[in-house]
Amino acid sequence: MKTVTTSPIPGQRPGTSGLRKKVGVFQQPGYLENFVQSIFDSLEGFAGQTLVLGGDGRYYNLDAIQTILRMAAANGFARVLVGQGGILSTPAASCVIRKRKAFGGIILSASHNPGGPDGDFGIKYNAGNGGPAPEKITDAIYANTQRIARYLTLDAPEIDLVTLGTRMLGAMQVEVIDPVADHAELLATLFDFERIGALLRRPDFRICFDAMHAVTGPYAQEIFVKRLGAPASSVINGVPLPDFGGGHPDPNPTYAEELVKTMFAEGSGSQSAPDFGAASDGDGDRNMIVGRRFIVTPSDSLAVLAANAHLIPGYAAGLKGIARSMPTSAAADRVAAALGIASFETPTGWKFFGNLLDAGKATLCGEESAGTGSDHVREKDGVWAVLFWLNILAVRGESVEAIVRDHWRRFGRNFYSRHDYEGVDSAAANALMAHLRESLATLPGRVFDAETVASADDFAYTDPVDGSVSTAQGIRIGLASGSRIVFRLSGTGTEGATLRVYLERFEADAAKHGVETQQALAPLIALADRLAGIRERTGRERPTVIT
Ligand code: VG1
Ligand code: CO
């Protein structure tokens with residue numbers, strides 16, 4: 001065992017979901033070690049306990065795991081459960097932490113950010129409930145990074161992560177576990193695998209799951225192909241690669257191009273578009289759902305899952321409540337109201353759902369960024385969402401598009417879109433947000449063409465369980481018409497700033513539900529630019545990504 005002298009490295013403040021930086025930054029001597037020691041120094045009582053460790057397989061994953069194993073041993077953990085080959089999807093890690101009663105877990109991922117030597121790397125700590133560390137812990141970790149003076153490690157050779165089983169690292173056990181088994185077993189208790197299997201084995205029903213060369217490949221292979229009997233060709237890009245095959249593992253219409261092309265194919269027979277398509281992100285917590293020539297927006301997906309939850313064995317007893325992040329559309333709130341259950345609006349990031357789930361206040365949670373999940377784990381869960389949809393399809397026997405259109409008829413349609421301006425100059429983005437903040441007090445009552453501003457604030461959240469307060473979570477402009485515009489800066493990017501503009505308009509009239517989304521939102525899009533000066537301040541004519 002050795003104590004290595006070190007000194008603080010600036011910039012190690014965790015963002016929306018852990019610390020994310022370019023691989024080259026993480027490779028600097030002491031960078032990873034400082035952060036990991038700062039995690040351990042923020043925790044109490046882990047001596048003799050178990051840590052879960054794994055990542056999304058991206059470049060630097062295996063090196064980081066070896067480093068963290070040595071540090072965990074030197075810091076006094078009794079045992080580390082590590083996914084075979086260093087692989088654990090974020091929801092699977094959450095599942096393993098809970099099931100094996102671990103003290104917590106470290107997940108190595110920059111999620112939807114690109115990987116490879118020039119890409120991004122990330123690290124986050126999850127607590128014993130299986131969920132992302134709450135701000136109290138991430139604040140403590142950051143404070144530790146600013147005063148760190150030493151880290152603890154071992155002089156020891158690399159551990160074999162290929163072979164399942166237990167080996168020793170100093171006085172600590174390292175158990176290499178099957179990364180899929182626990183998670184697959186849990187999912188099988190929630191969904192009707194027999195019915196889904198019967199659907200997937202039908203010759204006239206085809207699915208396409210795009211793992212984007214990220215972590216869900218092995219999970220999809222085991223669950224959709226092996227357990228449920230879908231043809232092997234149902235999973236594409238199923239082998240995890242350190243650089244995700246050069247792609248951007250973010251399941252949206254821009255980056256999941258291959259899936260979208262497949263799902264919009266015009267041919268006939270086996271050349272025609274499959275009935276159901278889905279994709280997941282780098283670490284397997286996001287999901288994109290696509291019907292035949294029909295993309296389901298994540299906000300609608302959450303609402304549809306909630307409205308159909310009674311059809312699913314694991315949720316047939318009813319939902320306790322539905323939670324969504326603030327920028328996510330209010331479509332789910334309408335379902336909650338119809339069901340007579342509570343709805344919650346939290347800041348962006350899954351860490352804010354943990355208390356609601358632990359306290360039994362919410363069963364389903366979702367974010368507009370393609371994350372949905374439930375109280376089965378404490379993370380969003382991509383494969384779970386796909387199974388949920390497949391279970392609904394198996395019971396209802398209708399197409400994805402028919403189910404969504406029927407949903408709009410029942411509840412009305414929340415036209416919704418997010419416009420991302422990626423890699424914007426940080427100073428310009430900060431100035432844009434500062435300008436909006438300064439105008440908050442004078443906006444209410446102002447009239448812009450057909451719209452009158454009814455409210456304007458910077459979203460602050462008081463956790464209903466522990467009373468903790470989070471401020472400056474996004475600028476909300478509420479309009480008298482019921483529409484709204486939200487402005488936020490991303491907390492997961494690693495280059496410049498990413499401005500996210502969220503646009504929402506409710507339409508009750510079913511005759512108007514067929515309008516194309518960007519067209520339906522055009523006046524709001526123009527108003528967002530007028531209020532924030534997006535084009536002028538960022539120098540961008542249009543968003544980088546529209547979801
Ligand atoms: C984004 C999404 C947010 C999500 C977060 C982590 O954060 O907007 O909803 O929770 O990514 O998702 P931001 O701060 O960039 O808007 V994942 O799948 O990248 O861990
Ligand atoms: Co993710």
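That block above? That's the structure.
I will try to describe carefully the structure that is included in this document.

Calculation notes
Residues numbered from 1 in each chain as written. Chains lettered and ligands numbered in written order. Predicted model: local features only at pLDDT ≥ 70, side-chain atom pairs only at ≥ 80, totals over all residues. Heavy atoms only, no water. Helix = DSSP H or I, 4+ residues; strand = E, 2+ residues; numbered from the N terminus. Contact = heavy atoms within 4.5 Å. Pairing = 2+ DSSP bridges. Axes fitted to C-alpha atoms, helices over the stretch in contact; angles between N-to-C directions. Donors = N, O, S within 2.8 Å, 3.2 Å for Na, K, Ca; no water. Buried < 20%, exposed > 50% of the residue type's maximum accessible area, 1.4 Å probe, protein only. Salt bridge = Lys/Arg side-chain N within 4 Å of Asp/Glu carboxyl O. Polar contact = N/O pair within 3.5 Å; in protein donor to acceptor, adjacent residues only side chain to side chain. Near = heavy atom within 4 Å. Nonpolar A, V, L, I, M, F, W, Y, C, P; charged D, E, K, R; others polar. Phe/Tyr/Trp six-rings, centres within 6.5 Å; stacked < 30°, edge-to-face > 60°.

Our focus in this paragraph is the environment of L200. Mapped onto the fold, L200 is located in helix α7 (residues 193-200). When neighbours within four sequence positions are excluded, L200 is seen to be in contact with F205, I207, F224, L228, G229, A230, P231 and L390.

Turning our eyes to something else, we now look at the sheet that holds strand β9 (residues 172-177). Pairing within the open sheet is mixed, and its 7 strands lie in the order β2-β6-β5-β3-β4-β9-β8. Strand pairing shows two members of the sheet lacking a second neighbour, β2 (19-22) and β8 (165-169), which therefore form its edges. Strand-to-strand twist of the sheet, defined as the mean angle between neighbouring strand axes without regard to direction, takes the value 20°. Most of the contacts of helix α2 (residues 31-41) go to strand β6 (residues 120-126), to which it runs at about 15°, and overall it touches β2, β3 (50-55), β5 (104-108) and β6. Contacting β3, β4 (79-87), β5, β6, β8 and β9, helix α3 (residues 61-75) crosses the sheet at an angle of about 170° to β4.

Further remarks concern the sheet that holds strand β11 (residues 235-236). Taken together, 5 strands build an open sheet; the order of strands is β11-β10-β12-β13-β14 and the sheet is mixed. A strand with exactly one partner marks an edge of an open sheet, and here the two such strands are β11 and β14 (294-296).

With that settled, the discussion passes to the coordination of the cobalt ion (ligand 2). In ideal tetrahedral geometry, four donors around a metal make angles of 109.5 degrees, whereas ideal octahedral geometry with six donors gives angles of 90 or 180 degrees. Protein coordination of the cobalt ion (ligand 2) is provided by S111 (OG), D281 (OD), D283 (OD) and D285 (OD), with donor distances spanning 2.0 to 2.1 Å. Written as a sequence motif, the donor arrangement for the cobalt ion (ligand 2) is S-x169-D-x1-D-x1-D. Taken together, the residues S111 in the loop between β5 and β6 and D283 in the loop between β12 (276-279) and β13 (288-291) connect sequence positions 172 residues apart. D283 matches S111 in its accessibility class, with the two residues each being buried.

Moving on: the pattern of salt bridges. Scanning the model with the defined rule gives 38 salt bridges in all. Between D333 and R324 there is a salt bridge whose closest N-O contact spans 2.7 Å. With a relative accessible area of 22%, D333 lands in the partly exposed category. Between R530 and D449 there is a salt bridge, and its shortest N-O distance comes to 3.6 Å. Remark: D449 occurs in the loop between β20 (447-448) and β21 (451-458) and R530 occurs in helix α17 (residues 522-532); sequence separation between them is 81 residues. Pair check on accessibility: R530 and D449 agree, each one exposed. Residues joined by salt bridges that share partners form a network here, namely R324, D333, E345, D457, R476, R484 and E504.

What follows deals with the pairing of β9. Where burial is concerned, most of β9 is hidden: 5 out of the 6 residues are buried. Here β4 pairs with β9 via 5 bridges, running parallel. If you follow R79 over to β9, its bridge partner there is Q173. The sheet contact formed by β8 and β9 spans 5 bridges and is antiparallel. Opposite R167, over in β9, you have V174 as the bridge partner. Between β8 and β9, which pair antiparallel and follow one another directly, the connecting turn spans 2 residues, one of which, G170, has a positive phi of 60°.

What follows deals with the side chain of R167. Tracing the backbone shows R167 in strand β8. In terms of polar contacts, R167 uses its side chain to reach the backbone carbonyl oxygen of T163, at 2.9 Å. When near neighbours in sequence (up to four residues on either side) are disregarded, R167 contacts I159, D160, L161, M172, Q173, V174 and V176.

This brings us to the site of ligand 1. Of all residues adjacent to ligand 1, which total 20 residues, the nearest are T16, H112, S490, T492 and R500. Residue S369 places a side-chain N or O atom 2.6 Å away from an oxygen atom belonging to ligand 1. Note that an oxygen atom of ligand 1 is positioned 2.7 Å from one of the side-chain N or O atoms of R488. For the shell around ligand 1, the per-class residue count stands at no nonpolar, 10 polar and 10 charged.

As a further point, take the packing of aromatic side chains. One pass over the structure, following the stated rule, counts 18 aromatic pairs. Ring geometry for F46 versus F103: centroids 6.0 Å apart, planes at 70°, classification edge-to-face. Residue F46 is located in the loop between α2 and β3, and its partner F103 is located in the loop between α4 (90-99) and β5; the two are separated by 57 residues in the primary sequence. F103 carries the same exposure label as F46, and that label is buried. Ring plane angle 75° and centroid distance 5.2 Å describe the contact between W384 and F388, whose orientation is recorded as edge-to-face. With W384 and F388 both in helix α13 (residues 382-396), this residue pair falls 4 residues apart, about one helical turn. The same class applies to W384 as to F388, namely buried.

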